[in-house]
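The lines below spell out each chain.
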Amino acid sequence: MMMSTAPGKLILAGEHAVVYGEPAVVAAVQLRTEVGINKSKVGGVGFETNRYSVDELRNYWIEAKSEWQEFDKTNNAQILRKYHNKLALIRLAVGAALERVRYDEGENGLELQLSTDLPIGAGLGSSASLAASIVGAILSIKAEDVSAELVNELTYSLERMMNGRPSGVDNTAVVYGGVMRFQKKMFDNTFEHKSLKLVGTIEECFIVDTGKPEESTAEMVALVKEKIQNEPVKYKKIIKLVGECATEMGEKIEMGRFDPTILSRNQRLLEQLGVVGNRAQRIVDQIEEMGGYAKVCGAGGVKGGSGVIVVYHEDAGKMREWFKKNKLKYFQDHLGGEGWRIEK
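Remember, it's a predicted structure, so these values are computed and weren't measured experimentally.

Student: Tell me about the pairing of strand 8 (residues 206–209), and please be specific about residues and values.
Tutor: Bridging between strand 8 and strand 10 (residues 308–312) involves 4 bridges; their strand directions are antiparallel. Bridged to Ile207 within strand 10 is Val310. The pairing of strand 8 with strand 11 (residues 330–332) spans 3 bridges and is classified as antiparallel. Across the sheet, the residue bridging to Phe206 is Gln332, located in strand 11.

In structure tokens, the structure reads:
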């Protein structure tokens, strides 16, 4: 069996601002998605308990692209809501890959086996990780040398179905891995990314789950866009300041330093953007009262949880005890893991 695997990601600085051309600092995590692929005597493509014909999957992808165009005109995130589930993403990813390869209904079928360590909807790039793994699997079974550039391109197009107007940071991080400075060029919608050397202190950070957001990433991105449209002076300034946090963090990492105070500055700005819910806010406030630093690490969420937060404290043992006492799900991750790869 051929295996295609990709990591999750964690944004250290730059959420939401990265959508508007500001930089972000992002790291791949060690938690990964794996997609095994085999040829089958049964036609079509099978995964979990589902089986679809090649034409069904291609057509599903073509229809989704048309609906994204409608979303782009109206900014109505509800148009894409039906794609915000695991089954839809799998169908879209297979369809997108099949559109790029020559695969006829008369050929042997394909069987996919999927597994992931990543929590869904927590801000760790689970959708990008799954999309890259599926796309990489389908492409690789039809070609010997599949480029990371092609996998990244298709994964970005899938991220648009899931998240509306993504920056491209998630797909780029899970495909290329490591720790990087990422920036989207607004004039031609292309990406720039530069690898940063790993600073040991980053590996001492905790990743803490504040709960799954009720809102989708697309809805949170649309919320911020609406705020910018209604009060452009106020919110464009906040976006610019978030980008400055990412620039400073990248520069300090380049110098071999990790400055956790930037996490708190970035967090204040996310609060001003209105993307941090009450539960996450209480957790962040308590961590800061203990002398730690914390920040939401994704699109956020207001009605329920806000996804994961990154936490740093000089006394790691003290934080572990506090997490356990408050029954918070957490883990420490060696940030900067390897990106998408094929294992044969």
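Moving on from the coordinates now.
Student: If you had to explain the packing of helix 4 (residues 148–163) against helix 5 (residues 169–176) to someone new, which residues and values would you point to?
Tutor: In the contact formed by helix 4 and helix 5, the axes pass within 9 Å of each other and the chain directions differ by 145°. In terms of crossing hand, the pair formed by helix 4 and helix 5 is right-handed. Facing Ala148, Glu149, Val151, Asn152, Thr155, Tyr156 and Glu159 of helix 4, the residues of helix 5 in contact are Asp170, Asn171, Thr172, Val175 and Tyr176. Of the residues that constitute the contact of helix 4 with helix 5, the class distribution is 5 nonpolar, 4 polar and 3 charged.

Student: If you had to explain the layout of surface pockets to someone new, which residues and values would you point to?
Tutor: Estimated volume of the largest pocket: approximately 950 Å³. Lining of the largest pocket is provided by 50 residues; of these, Gly121, Ser126, Ser127, Asn163 and Thr217 occupy positions nearest its centre. For the lining of the largest pocket, the elements supplying multiple residues, two or more each, are strand 1 (2–13), helix 2 (86–100), strand 5 (109–116), helix 3 (126–142), helix 4, helix 5 and helix 6 (217–230). For the lining of the largest pocket, a count of residues per class yields 19 nonpolar, 21 polar and 10 charged. Estimates place the volume of the second largest pocket at around 170 Å³.

Student: Tell me about the packing of aromatic side chains, and please be specific about residues and values.
Tutor: Counted by the stated rule, this structure contains 10 aromatic pairs. A ring pair is formed by Tyr156 and Phe191, whose centres lie 5.0 Å apart and whose planes are at 80°; its orientation type is edge-to-face. Separated by 35 residues along the polypeptide, Tyr156 in helix 4 and Phe191 in strand 7 (residues 190–196) bring together distant segments of the chain. Under the relative-accessibility criterion, Tyr156 is labelled buried at 10%. Centre to centre, the rings of Phe258 and Tyr312 are 6.1 Å apart; their planes meet at 80°, and the pair counts as edge-to-face. Of the two residues, Phe258 sits in the loop between helix 7 (232–254) and helix 8 (261–273) while Tyr312 sits in strand 10, which places them 54 residues apart along the sequence.

Student: Residue-level account of helix 9 (residues 278–289), with values.
Tutor: The first and last C-alpha atoms of helix 9 sit 16 Å apart over 12 residues, in line with the 16 Å expected at 1.5 Å per residue. Residues of helix 9 that are buried make contact with helix 8, strand 9 (293–296), strand 10 and helix 10 (316–325). Among the residues trailing helix 9, Gly291 stands out with phi positive, at a value near 90°.

Student: So what's going on with the nonpolar core? Residues and values would help.
Tutor: Within the largest apolar cluster, 55 residues are counted, with the highest numbers of intra-cluster contacts made by Leu10, Leu12, Met249, Ile287, Ile309, Val311 and Phe323. The greatest single-element share of this core, amounting to 8 residues, is contributed by helix 7. When neighbours within four sequence positions are excluded, Leu12 is seen to be in contact with Val25, Val26, Ala27, Ile202, Met249, Leu263, Asn266, Lys295, Val310 and Leu335. Ala96, Ala97, Ala128 and Ile138 belong to the second largest nonpolar core, which has 53 residues in total.

Student: So what's going on with unusual backbone geometry? Which residues, and what values?
Tutor: Phi is mostly negative for residues that are not glycine, and the peptide bonds are mostly trans. You will see that His16, though not glycine, has its phi angle at about 65°, which is positive. Its location among the elements puts His16 in the loop between strand 1 and strand 2 (24–40).

Student: Got a sec to walk through the pattern of salt bridges? Specific residues and values, please.
Tutor: This model, assessed by the stated rule, comprises 19 salt bridges. Note that Glu15 and Lys295 form a salt bridge whose closest N and O atoms lie 2.3 Å from each other. Linking Glu15 in the loop between strand 1 and strand 2 with Lys295 in strand 9, this pair joins segments that are 280 residues apart in sequence. As far as burial versus exposure is concerned, Glu15 and Lys295 are alike and both buried. With a closest N to O distance of 3.6 Å, Lys240 and Glu22 form a salt bridge. Highlighted residues: Lys240 in helix 7 and Glu22 in the loop between strand 1 and strand 2, separated in sequence by 218 residues.

Student: Please provide a residue-by-residue account of the sheet that holds strand 10, values included.
Tutor: Within the open sheet, the 4 strands sit side by side as 9-10-8-11. Their pairing is antiparallel. Strands at the two margins of the open sheet, each flanked by one partner only, are strand 9 and strand 11. Ignoring strand direction, the axes of neighbouring strands in this sheet form an average angle of 25°. As defined by bridge partners, strand 9 adjoins strand 10 across 4 bridges and the pair is classed as antiparallel. If you follow Ala294 over to strand 10, its bridge partner there is Val311.

Student: Lay out helix 8 with the relevant residues and their values.
Tutor: Two residues of an α-helix separated by three or four positions point the same way, owing to the 3.6 residues in each turn. The end-to-end C-alpha distance of helix 8 is 19 Å, a good match for the 18 Å that 13 residues give at a rise of 1.5 Å each. Among the residues making up helix 8, those that are buried are Ile262, Leu263, Ser264, Asn266, Gln267, Leu269, Leu270 and Leu273. Of the surrounding secondary structure, the elements contacted by the buried residues of helix 8 are strand 1, helix 6, helix 7, helix 9, strand 9 and strand 10. Once helix 8 finishes, Gly274 follows within two positions and takes phi at roughly 80°, a positive value.

Student: So what about the environment of Ala6? Which residues, and what values?
Tutor: If you trace the backbone, Ala6 turns up in strand 1. Of the residues examined, Ala6 reaches a relative accessible area of 0% and is grouped as buried. For the pair Ala6 and Thr33, spaced 27 residues apart in the sequence, the C-alpha separation amounts to 5.5 Å.

Criteria and thresholds
Residues numbered from 1 in each chain as written. Predicted model: local features only at pLDDT ≥ 70, side-chain atom pairs only at ≥ 80, totals over all residues. Heavy atoms only, no water. Pairing = 2+ DSSP bridges. Helix = DSSP H or I, 4+ residues; strand = E, 2+ residues; numbered from the N terminus. Axes fitted to C-alpha atoms, helices over the stretch in contact; angles between N-to-C directions. Left-handed = near helix turned anticlockwise from the far one by under 90°. Contact = heavy atoms within 4.5 Å. Nonpolar A, V, L, I, M, F, W, Y, C, P; charged D, E, K, R; others polar. 1 Å grid on protein atoms, 1.4 Å probe; cavity = no way out; pocket = protein on both sides within 12 Å on 5 of 7 lines; lining within 4 Å. Points joined across faces, edges and corners; volume = space filled by probe spheres on them. Phe/Tyr/Trp six-rings, centres within 6.5 Å; stacked < 30°, edge-to-face > 60°. Buried < 20%, exposed > 50% of the residue type's maximum accessible area, 1.4 Å probe, protein only. Expected span 1.5 Å × (residues − 1). Core = buried A, V, L, I, M, F, W, Y, C linked by side-chain atoms within 4.5 Å. Salt bridge = Lys/Arg side-chain N within 4 Å of Asp/Glu carboxyl O.

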